Protein chains: 2
Amino acid sequence: MKELHEAIRKYGRGLGTDVVKVDMFLNHRIDTELLCKMGKAFAEEFRNEKPTLVMTVEASGIALAVAAAMELGNLPVVFAKKSENKVQTGDVATAPVYSFTHKKEYNIRVEKRYVPRGSRVLIIDDFLADGKAVEGMTQLCQQLDSEVVGIGIAVEKGFQPGGQQLRARGIHLKSLAIVTGIENGKIQLQDD
Amino acid sequence: MKELHEAIRKYGRGLGTDVVKVDMFLNHRIDTELLCKMGKAFAEEFRNEKPTLVMTVEASGIALAVAAAMELGNLPVVFAKKSENKVQTGDVATAPVYSFTHKKEYNIRVEKRYVPRGSRVLIIDDFLADGKAVEGMTQLCQQLDSEVVGIGIAVEKGFQPGGQQLRARGIHLKSLAIVTGIENGKIQLQDD
């Protein structure tokens, strides 16, 4: 997606060989104009899959999920929670996720009542690297007797295996930008 | 706000004497149609304050902040982070916040570069109870040489002191719904 590529070229920073910093417009400061355009791009890509619900995981996926859901006719968004919430009640679906950023495993959880059986789920997230968060959300959807009809990602790290594995399984995956590598702090992008 | 009152009456649940559960439409599952209406209500309330930036704290404030920022002409959103992020770099403003829900103190942090000096900040959050999160964000704004021009809250717990204290200080505060108490699981709301 042209506008996201431009933002990554202008504001993105590469750290080491594998960290892509897009805090300036995506996951600390949010450029809401760009966010709306990303929401529109996801909606165009996945409208024909007829999603009934958008799922993401807190925190930085929420803005993107909301933007996509609004463009898809105000679908509900459900965001999986990361920490055990003391006031949580009701039946809960959980799945483990290993975070390479934080070097630890944590659980994500969704209250079952919020994802009706038979939901057609569009998963949205800001990053795709090893695919662990998406895998966790896919497991949640299985427990919830619901189908993942598409996966929309803002920034895929093409040099990590998550995207390839999902495409090999025939899943409808759309990444708005694919980073092919980082060289001397400069982020290399795959052409649209 | 009428639509929020209706949603609280229909889907909200009171636990004990002080927990207000609005997971069904606000902070686990998000009703994006209602979210847009809340964003519009915040924009109408605060447009004359000429905010240049919307600030919130992850995670459940993000959707509301984005909805308000879109309605205010695509303002940038900055969400304060709760956990120390290993890949964070640059100068950071931090403030302590005590969470009554989780019974512990944590730090919130914002990278200074994302809030330009002299910003006119609209703080948005899903809940206001004792006002600790808002107080923390206000401290961040002071460190960032920026002014809090308004505070927009979805659900204020009117039986806790945060709202009263802010109003006593002459701060422009708007809560779209004010819960006056919980009786036998039923949430009591202050009339609009």
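Quick notes on the rules
Residues numbered from 1 in each chain as written. Chains lettered and ligands numbered in written order. Predicted model: local features only at pLDDT ≥ 70, side-chain atom pairs only at ≥ 80, totals over all residues. Heavy atoms only, no water. Contact = heavy atoms within 4.5 Å. Buried area = accessible area lost by both parts, 1.4 Å probe. Salt bridge = Lys/Arg side-chain N within 4 Å of Asp/Glu carboxyl O. Helix = DSSP H or I, 4+ residues; strand = E, 2+ residues; numbered from the N terminus. Nonpolar A, V, L, I, M, F, W, Y, C, P; charged D, E, K, R; others polar. Pairing = 2+ DSSP bridges. Axes fitted to C-alpha atoms, helices over the stretch in contact; angles between N-to-C directions. Parallel < 35°, antiparallel > 145°, perpendicular 65-115°, else oblique. Buried < 20%, exposed > 50% of the residue type's maximum accessible area, 1.4 Å probe, protein only. Core = buried A, V, L, I, M, F, W, Y, C linked by side-chain atoms within 4.5 Å. Phe/Tyr/Trp six-rings, centres within 6.5 Å; stacked < 30°, edge-to-face > 60°.

1. As for the interface of chain B and chain A
Argument step 1. In this complex, chain B contributes 43 residues to the contact, which on the side of chain A involves 43 residues.
Argument step 2. Approximately 3,700 Å² of surface area, both sides summed, lies buried where chain B meets chain A, with 61% of it carried by carbon and sulfur atoms.
Argument step 3. One salt bridge in this structure joins Lys21 of chain B and Glu111 of chain A, with 3.3 Å as the shortest N-O distance.
Argument step 4. Broken down by secondary-structure element, the contributors of at least two residues to the side of chain B that touches chain A are strand S1 (13–15), strand S2 (19–21), helix H2 (23–27), strand S3 (29–30), helix H3 (32–46), helix H4 (62–71), strand S5 (77–80) and strand S7 (104–111) of chain B.
Argument step 5. The element best represented in the side of chain B that touches chain A is H4 of chain B, accounting for six residues.
Argument step 6. Of the residues that constitute the side of chain B that touches chain A, the class distribution is 21 nonpolar, ten polar and twelve charged.
Argument step 7. Summarising the sheet, strand S3 (residues 29–30) of chain A and S5 of chain B pair through two bridges and their orientation is antiparallel. Residue pairing across strands places Arg29 of chain A opposite Val78 of chain B, the latter belonging to S5 of chain B.

2. Some thoughts on unusual backbone geometry
Argument step 1. Each neighbour pair has its own omega, and for Glu58 of chain A with Ala59 of chain A the value is 5 degrees, a cis peptide bond.
Argument step 2. Tracing the backbone through its elements, the reader meets Ala59 of chain A in the loop between strand S4 (53–57) and helix H4 (62–71).
Argument step 3. For Asn74 of chain B, which is not glycine, the phi dihedral falls at a positive 55 degrees.
Argument step 4. Relative to the elements of secondary structure, Asn74 of chain B occurs in the loop between H4 and S5.
Argument step 5. At Asn184 of chain B, a position not held by glycine, the phi torsion is positive, near 50 degrees.

3. Here's the deal with the packing of H4 of chain A against H3 of chain B
Argument step 1. Where H4 of chain A meets H3 of chain B, the closest approach of the two axes is 10 Å, and the angle between their N-to-C directions is 105 degrees. Judged on the interaxial angle alone, H3 of chain B and H4 of chain A are roughly perpendicular. For the pair formed by H4 of chain A and H3 of chain B, the contact residues are Val66, Ala69 and Met70 of chain A on the first element and Thr32, Leu35 and Cys36 of chain B on the second.
Argument step 2. Looking at the contact of H4 of chain A with H3 of chain B, its residues break down into five nonpolar, one polar and no charged.

4. Some points on H4 of chain A
Argument step 1. Counting buried residues in H4 of chain A gives nine out of ten residues, a clear majority hidden from the surface.
Argument step 2. Listed in full, the buried residues belonging to H4 of chain A are Ile62, Ala63, Leu64, Ala65, Val66, Ala67, Ala68, Ala69 and Met70 of chain A.

5. Some words on the pattern of salt bridges
All names here are of chain B.
Argument step 1. Summed over the entire model, instances satisfying the criterion amount to 20 salt bridges over all chains.
Argument step 2. The residue Lys2 makes a salt bridge to Glu6 at a minimum N-O spacing of 3.8 Å. Of this pair, Lys2 and Glu6 are both found in helix H1 (residues 2–11), four residues apart, which corresponds to roughly one turn of the helix.
Argument step 3. Overall, the relative accessible area of 43% leaves Glu6 in the partly exposed class.
Argument step 4. Among the ionic pairs, Glu147 bridges to Arg120, the shortest N-O distance being 3.5 Å.

6. Here's the deal with the nonpolar core
Argument step 1. Among the nonpolar cores identified, the biggest contains 85 residues, and Leu4, Ile8, Leu35 and Met38 of chain A together with Leu4, Ile8 and Met38 of chain B are the most heavily contacted of them.
Argument step 2. Look past the residues within four positions of Met38 of chain B in its chain and what remains in contact with it is Met1, Leu4, Leu26, Leu64, Ala154 and Leu176 of chain B.
Argument step 3. Counting residues in each nonpolar core, the second largest holds 26 residues, with Val78, Ile108, Val110 and Leu173 of chain B among its members.

7. Regarding the packing of aromatic side chains
All names here are of chain A.
Argument step 1. Counting across every chain of the model gives two aromatic pairs over all chains.
Argument step 2. Between the aromatic rings of Tyr11 and Phe25, the centroid separation amounts to 6.5 Å while the plane-to-plane angle is 50 degrees, which identifies the pairing as tilted. Remark: Phe25 occurs in helix H2 (residues 23–27) and Tyr11 occurs in helix H1 (residues 2–11); sequence separation between them is 14 residues.

8. Let's talk about the pairing of strand S9 (residues 147–157) of chain A
All names here are of chain A.
Argument step 1. A large share of S9 lies buried, amounting to nine of its eleven residues.
Argument step 2. Bridging between strand S8 (residues 120–128) and S9 involves eight bridges; their strand directions are parallel. When the bridges of S9 are listed, Leu122 appears paired with Gly150.
Argument step 3. Sheet topology places S9 next to strand S10 (residues 173–183); six bridges connect them, and they run parallel. In the strand pairing of S10, Val155 is matched with Ala177.

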